[in-house]
Amino acid sequence: MDFLEISAISAGKDQTLALLTSGEVLGWGGAGSGRLVPPFKDICGAFKESDPRPVYVSAPSLYSHISAGYGVSLGISDQKPFAWGFSQTGMGGHEPISEAPSALAQVASASKIAAGQCLFGLIDEVGGLHTWGLNVDGALGRKTGQINASPAPISGIPPMQDVFIGDCFMLALSDDQKVYAWGSNSSGQLGLGHLKSISNPELVELSPNIKRLAVGSTHVLALTEDGEVYGWGSNHFNQSGDTTSSFINRPRKIGFSEAIAEISAGMHYSLALASSGKVYAWGWNGMGQLGLGDHQTRSRPVAIPDLSGIRAIAAGEMHAVALGKSHLFGWGSNASNQIGKADLCQMSPNPFLDIRSRARSRL
Amino acid sequence: MTDGSGPEDSRRQFLGLGLRVVSGLAVSVAFNACDRNDEADHGDIPTQTFVQPTMLESKDGLLDIDLTASYLDTKLSGFDPSKKHAVSLRAYGYNTKGPEVFGPTLVVKGGDQLRIKLTNNLPFNPPAAPNDPLLYMKPNTTNLHTHGLHVFPGIYNNSKSREYGDYVVDSNSGGVVPRGDSRQYVYNLPANHPAGPFYYHPQFHGSSALQAASLMQGAILVRGPVDDLPEMARARELIFLFQAPYFAHDGFSSVYGVNAGSLEQFDQIGNHSTGHGVKNNGKDYLDAQPVLINGVRQPTIVMRSGEVQRWRFINTQIFNRLNLNLDSHILHQFTQDGWGTATYQEFPDARQNGGEGLVLSAGNRSSVIIKAGKPGTYLLRTLPVKIADGLEKVLLPGDVLAKLVVVDDRKFIAQTIPDTPLPVSDFLKPISDQELAGSGGRKRIIVLNITGNTESINLQDSQSYWEKLVATAGSLASDTERFVRRKLTQADHEITPTSEKNVTNATYVKPAALSNDNYNLQLSNSIIQYVPQNSVEEWTIFNCNSICRPFHIHVNPMYVTKVNGTSISPYWCDTVTLPGGGTPEMPTSVTFRMRFDDFSGPYIMHSQMLQDSDLGMVSRVSILPTQGGFKTAG
Ligand SMILES: [Cu+2]
């Protein structure tokens, strides 16, 4: 028996990526999925003509990491960063990219990579943090000669293990499990107790050791080593898990009845995967992205019924995917077919890829 | 004013208008003005040749009109006001009236319903040749856009017959098709809709430039408390539709393969050499299309010394800017676009002082109060103005737009300019950091880019900057489509898995690198901005090219806070000019905040240089109701 083995999933603005253990990448949806999107015959049309079937991102080699951003996706192949998708600005104003991955020659090595909205970051082999893209509100965390900057490292910060990107802001997790934040702070998403933009990384006051971060559009989740979750930033749909204010500018704990293993955040909504394999959702639900069968905002984490044995979750802008034992599930917006064959507004988890299916031989 | 109407007809129309304007107002100063104009017949006062469209006013909260699109055969001036050329251009008629050089002026108030039934009487679309940039364009398919109005953008589903809001996201197979198709538009203005000038024009994707660059435009005036101020009500109101219809000169028509006096090819609006243009006076100047005001080249306006008038400026041009300046007078601006301000921004005569007048890019409007000074003749001009900067500095030459003759009248009691603060709608309250923080606070980035143009265009070359840009752009539309078709076909034949493992129903698409040549303008379907209703957000628009590009967004106005990342004194507008001189490495930018309160539904943002928009510099905004779903209906 030949099974599809998926090692990682990533959800961006309009695309979903699945990384196979073979190193190949499958893509669904719009720009950044690896699919050539037809142009502008219809006025800035939704991708009505697009195909619910996945495509393979064409591979110069095989990938170890993926990150789906806004129209652009990034991958690491043989320790080298690659980009594909649709970018109006290119990388640093040069190298306009296409759905065929191209290497980012300016960076020698990469171990972690993150794609945002015209904003990108990666961690190199020795924990150096490199950023590039449009420097709005100090989002690149460093001085740049160009507004649309090419990759370069941020100096004067401790070695980092991972980087996370929201709307014109970034967070990084240091090797010693501390959180650093910089860039736009419109809803207090830097967690620094104010609303001012910061153009150099600053330490966020958060005493427990942090294992993972998840960044939505303007809110942040942090997962501790003990399986606890903190939230801060925009909270007008209670996406940061608090019910008292419309934004929170310092980390605040979110209550769960069990230990959490993984977190993910999209536009004004949040997901948490418990060690038990259950998935919790809360925040904005306009596209059904909470997977709870309706459009009601949830102010507290609610377990998604009939979804168990989940191994990984990924929240895109308005769609979510989860890796189960035998299926890839998707819910939320399907405007670009980013969750395969599903409703336009898929309100509950829908299995869109059977990973048990026996792989066919060559066509 | 249509073909053959002489000064007599113009004057009569103007007088009629004067009467209409004062109906319902307390003091009929305008009526006195008519008396004064009659004296012109006795030879001591020059004749006013300024004409303006008929005003249709709402009654009991409703204005309901029929609007028709058809060809108008008339005569228009080019650069030389004394010469007239036969033209055959697309234009609007209303109710039982045939087409005119302008649509009627629609006058409404906050809380009113404006109903426009648009009927398309244009002929069938011409067949598209394979290499024709019009391949995907349908020059005779149309629709209607109410530029700047804060109204519902979707399709209403609460009526038996389909009714449309400010709906412009028609598919290429949709729109209001030629030969008799019609569409009922319904615009419900919120009670607190700000008072100011707006306008309507077609926005059918692919054809908007061609149609708006003919004669398809008309003014919308939203009235409010500011208009009820006694001094304001007493000040006679003139509507200036600045139009620059493109039509081929006899000597140039063969270049485009069209008849003289017509506008049928996309290349024509991409090229200023129609043969009627304002000639450049230096190598860094662009030939400009001559500007008409309400169809008339350089009309004469007559005022009495001490008289106060309010002028509504509407730049309906699809590319060029205006840098308005009135000799020896101050323009007191009280709306920027259609958005009122509590105080006046003053624009004194700038000829001796930097030459920076009241700049209106394509799509911009302004309301000003002016008080006529000493008797004499003064010119309303557009001073030379930058239209591209940086690697290509390009100026539009100056031009005379109208003549103001101020006459002495000892019987006339001087009017006064209304005192400030002027009443402003609470709709225009500033957007604070706290409001942004508590309403999602999203920061979005929108990029306008013609990739490659700044490297490849050189003013010293034989072709002009614009010619080259358009040569590139002109071939783009068809090339892109052919390119994509070719690639898709190729993809179908190249389903060659490199993996042993194939996924059920998975296809292998081998995407090709996008070539610079084929993708010089961005794809319009790149990224749709989905915004939950009731959000407040801050967007930054980047301009990667030399051109001072006017960025326009429908439905919700912008509260501009930064230019090139630096804070400015904030203001409201719906069309904002991005600084020129941008490059992909160092793009210029404008940052603004928006509230997405009143409406959900799909609409667009685009370059108001409509040639760009038709070629793809346009993208969709979709406001999602918080209660769920992708609703276009209200
Ligand atoms: Cu508009």
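These figures come from a predicted structure and were not determined experimentally.

What counts and what doesn't
- Residues numbered from 1 in each chain as written.
- Chains lettered and ligands numbered in written order.
- Predicted model: local features only at pLDDT ≥ 70, side-chain atom pairs only at ≥ 80, totals over all residues.
- Heavy atoms only, no water.
- Helix = DSSP H or I, 4+ residues; strand = E, 2+ residues; numbered from the N terminus.
- Buried < 20%, exposed > 50% of the residue type's maximum accessible area, 1.4 Å probe, protein only.
- Contact = heavy atoms within 4.5 Å.
- Domains from an automatic or database assignment.
- Buried area = accessible area lost by both parts, 1.4 Å probe.
- Salt bridge = Lys/Arg side-chain N within 4 Å of Asp/Glu carboxyl O.
- Polar contact = N/O pair within 3.5 Å; in protein donor to acceptor, adjacent residues only side chain to side chain.
- Pairing = 2+ DSSP bridges.
- Axes fitted to C-alpha atoms, helices over the stretch in contact; angles between N-to-C directions.
- Donors = N, O, S within 2.8 Å, 3.2 Å for Na, K, Ca; no water.

**Brief notes about the overall build of chain B**
Link 1 in the chain: Scanning chain B for helices and strands turns up 11 helices and 34 strands.
Link 2 in the chain: A buried classification covers 64% of the 634 residues belonging to chain B.
Link 3 in the chain: Long-range pairs, those at least 24 residues apart, make up 78% of the contacts in chain B with a sequence separation of at least 6.

**Re the domain arrangement of chain B**
Residues and elements named next belong to chain B.
Link 1 in the chain: Parsing chain B into structural domains produces domain 1 (7–17 + 237–407), domain 2 (55–223) and domain 3 (433–624).
Link 2 in the chain: The distance between the C-alpha centroids of domain 1 and domain 2 comes to 22 Å.
Link 3 in the chain: With 44 residues of domain 1 at the interface, the matching set in domain 2 holds 41 residues.
Link 4 in the chain: Summing both partners gives a buried area of about 3,300 Å² for domain 1 against domain 2, and 65% of it is carried by carbon and sulfur.
Link 5 in the chain: When residues of domain 1 are sorted by the area they lose upon contact with domain 2, E264, F266 and W339 head the list and together hold 15% of the total.
Link 6 in the chain: Viewed at the interface, domain 2 and domain 1 are joined by 2 salt bridges.
Link 7 in the chain: A salt bridge links E264 to R90; the nearest nitrogen and oxygen atoms lie 2.8 Å apart.
Link 8 in the chain: Summed over the shared surface of domain 1 and domain 2, the number is 12 residue pairs in polar contact (both at pLDDT 80 or more).

**A short note on the sheet that holds strand β10 (residues 119–123) of chain A**
Residues and elements named next belong to chain A.
Link 1 in the chain: In spatial order, the strands read β9-β10-β11-β12; together these 4 strands make up an open sheet with antiparallel pairing. With partners counted over all chains shown, the strands left at the sheet margins are β9 (112–115) and β12 (148–153), one partner each. Along the sheet, successive strands turn relative to each other by an average axial angle of 5°, direction set aside.
Link 2 in the chain: As paired strands, β10 and strand β11 (residues 129–134) are joined by 5 bridges and run antiparallel to one another. Counted as the bridge partner of F120 is W132 from β11.

**Section: unusual backbone geometry**
Link 1 in the chain: P421 of chain B follows T420 of chain B through a cis peptide bond whose omega is 0°.
Link 2 in the chain: Looking at where P421 of chain B falls in the secondary structure, it is placed in the loop between β24 (399–407) and α8 (433–437).
Link 3 in the chain: Not every positive phi belongs to a glycine, and Q177 of chain A is a case in point at roughly 70°.
Link 4 in the chain: In this structure, Q177 of chain A sits in the loop between β14 (169–174) and β15 (179–183).

**Describing the coordination of the copper ion**
All names here are of chain B.
Link 1 in the chain: Coordination of the copper ion by the protein comes from H145 (NE2), H147 (ND1) and H552 (NE2), over a distance range of 1.8 to 2.8 Å.
Link 2 in the chain: Binding-site remark: the copper ion is held by donors from one chain whose sequence spacing is H-x1-H-x404-H. Remark: H552 occurs in strand β28 (residues 550–553) and H145 occurs in strand β6 (residues 145–147); sequence separation between them is 407 residues. With respect to class, H145 is no different from H552; both count as buried.

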